[in-house]
Amino acid sequence: MHESITNRRRHVTVAAHPARRKLYELEVVRVLTFACVIAVHVISHTSRGSVPIVASLTLLHFTREVFFALTGFVLTFSYLRKPKPMRQFWPKRFLLVGVPYVVWSFIYCVISAIGKPFDLGGFVLRFLYATLTGTAYYHLYFLLVTMQIYLLFPLLVWLVKATRRWHWLLVSLAFAVQLTISALDAYKPGSLHWINLFSNVINYQAFIIGGAVAAYHSEAALQWVRDHRRLIAIVTPLAAAAAIGVYLLQLQWGYSAYRAATAYQPVVIAWSAVAGVALLAIGAWWVDRKPDAPHRTLDYLSDRSFGVFLAHPLVLWALLGLAGALLGSWPPLVSTLVAYPIVALGALGIADASRRSILSLPLAGRPRATRRKNNP
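Residues numbered from 1 in each chain as written. Predicted model: local features only at pLDDT ≥ 70, side-chain atom pairs only at ≥ 80, totals over all residues. Heavy atoms only, no water.

Caption draft 1: The arrangement of a nonpolar patch on the surface in detail. Where nonpolar side chains cluster on the molecular surface, the patch consists of Trp 224, Leu 231, Ile 234, Val 235, Leu 238 and Val 277 and spans about 520 Å² of accessible area. Residue contributions to the nonpolar patch peak at four residues, all from helix H11 (residues 229-252). Here Leu 238 is to be found in helix H11. (Patch = residues over 30% accessible without salt bridge, like charges linked within 9 Å, V, L, I, M, F, W, Y side chains within 5 Å. Areas by Shrake-Rupley, 256 points an atom, 1.4 Å probe, with all protein chains shown as cover. Salt bridge = Lys/Arg side-chain N within 4 Å of Asp/Glu carboxyl O. Helix = DSSP H or I, 4+ residues; strand = E, 2+ residues; numbered from the N terminus.)

Below, the structure written as structure tokens:
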């Protein structure tokens, strides 16, 4: 009887999703993923090659794949609920991502030029090249790939609909291709760089397709996560241990710590799939605690997450410039633990200020936030 009631409650929670304005399970995944993105970059700049600390990068590098899985899910879920012609879809999406991309590319080109002889012509060429290639700073590449996904979105929707009877086969083939590409990239460097001449999307296509397919089956996917929490709780630490094992093995092969923890290798691809499901399980658990309650803190953090992503390398750059020598005098773990909250809170402060200003769109990728008056 109790089990029947529990299952009924779960069914009601998932069945209510189409009517919800947001899938809060996904918002939890978004916030946690961006928090881990900050951790990746802070560790990369403060660990100083410490083998145990760099090992954590192997586990944190799931952020790339989950970032694009979220993109595929959100775009497809929104489109399936309320289809729009591409003449409406493209202008809105490219405005909200393209404008911040160009503005922040300019900002990061400026800070990269500080301390160097200034040449206006050279700076303009550098800015144009960096904007076209996503190389103004290490994180802006992901916005370039995101805009490529927007451009290819009609093909993605067609693919998901055309293969609706064979989605398991589609996702399996996509992952097989991505694992092969990542293996060649990791163990035969340079052998597949020609692929990026066509589209960077190819490097992440399994997670983009996987996210889109999950959106097509959103109710079933979320219900599966809820029904298999115990299995997920068992598999996740085992997969994490396997990933760390490969890291240690590659150290024995003579790899440097950073190369052994590189983001694009087969073990990270496999781990990212497990980590993404685990984060979704955490999101489902969060929602199920109080399914009808307002999630104001989550709404706030989710709303600022894109701005935080854009701004956090600027805060990290400033912190290292002002206190790099001090941080460098401490043990790597202490430096990392001190730097992380400073970078996270500093980026959140910039994102919050941006959202409340007339510069919200170019700096945070959203229209200006306005205070809502309470209804009487």
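Having seen the model, we can carry on.
Caption draft 2: Broad picture of the pattern of salt bridges. Tallied over the entire structure, the rule returns 10 salt bridges. As a salt-bridge pair, Arg 226 and Asp 288 come within 2.8 Å of each other at their nearest N and O atoms. Highlighted residues: Arg 226 in helix H10 (residues 218-227) and Asp 288 in helix H13 (residues 266-289), separated in sequence by 62 residues. The class for Arg 226 is buried, based on a relative accessible area of 1%. Residue classification places Asp 288 among the partly exposed positions, given a relative accessible area of 24%. Connected through salt bridges with shared partners, the residues Asp 303, Arg 304, Asp 352, Arg 355, Arg 356 and Arg 366 form a single ionic network. (Buried < 20%, exposed > 50% of the residue type's maximum accessible area, 1.4 Å probe, protein only.)

Caption draft 3: Focus on the packing of helix H5 (residues 86-113) against helix H6 (residues 120-133). Where H5 contacts H6, the two axes come as close as 10 Å, and the packing angle between them is 135°. Relative to H6, the element H5 is oriented oblique. In this structure, the crossing between H5 and H6 has a hand that is right-handed. Seen from H5, the contacting residues are Tyr 101, Val 102, Ser 105, Phe 106, Cys 109, Val 110 and Ala 113; seen from H6, they are Phe 123, Arg 126, Phe 127, Ala 130, Thr 131, Leu 132 and Thr 133. (Axes fitted to C-alpha atoms, helices over the stretch in contact; angles between N-to-C directions. Parallel < 35°, antiparallel > 145°, perpendicular 65-115°, else oblique. Left-handed = near helix turned anticlockwise from the far one by under 90°. Contact = heavy atoms within 4.5 Å.)

Caption draft 4: View of H11. Here H11 is 24 residues long and its end C-alpha atoms lie 35 Å apart, about the 34 Å a rise of 1.5 Å per residue gives. Buried within H11 are the following residues: Ile 232, Thr 236, Ala 239, Ala 240, Ala 243, Tyr 247 and Gln 250. Where the residues of H11 are buried, they touch helix H3 (51-60), helix H8 (167-187), H10, helix H12 (257-260) and H13. At the C-terminal side of H11, Gly 254 shows a positive phi close to 105°. (Expected span 1.5 Å × (residues − 1).)

Caption draft 5: Quick look at the environment of Tyr 187. Along the chain, Tyr 187 falls in helix H8. On the basis of relative accessibility, which here comes to 36%, the residue Tyr 187 falls in the partly exposed class. Taking the C-alpha atoms as reference, Tyr 187 lies 10 Å from Tyr 264; in sequence the two are 77 residues apart. Apart from the residues lying within four places of it in its own chain, the contact partners of Tyr 187 are Gln 250, Trp 253, Tyr 255, Gln 265 and Pro 266. A polar side-chain atom of Tyr 187 sits 2.6 Å from a polar atom in the side chain of Gln 250. (Polar contact = N/O pair within 3.5 Å; in protein donor to acceptor, adjacent residues only side chain to side chain.)

Caption draft 6: Representation of the packing of aromatic side chains. Tallied over the full model, the rule gives 23 aromatic pairs. Note on Phe 68 and Phe 142: the rings are 5.8 Å apart at their centroids and 40° apart in plane angle, and the pair reads as tilted. With a gap of 74 residues between them, Phe 68 in helix H4 (residues 62-81) and Phe 142 in helix H7 (residues 141-162) connect regions that are remote in the sequence. Each member of the pair, Phe 68 as well as Phe 142, carries the same accessibility label: buried. An aromatic cluster of at least three residues, connected via ring pairs, comprises Phe 34, Phe 67, Phe 68, Tyr 141, Phe 142, Tyr 204, Tyr 264 and Phe 309. Above the face of the Tyr 255 ring, Arg 259 is positioned so that its terminal group lies 4.0 Å from the ring centre. The ring of Trp 285 carries the charged tip of Arg 289 above its face, separated from the ring centre by 5.4 Å. (Phe/Tyr/Trp six-rings, centres within 6.5 Å; stacked < 30°, edge-to-face > 60°. Lys NZ or Arg CZ within 6 Å of the ring centre and 35° of its normal.)

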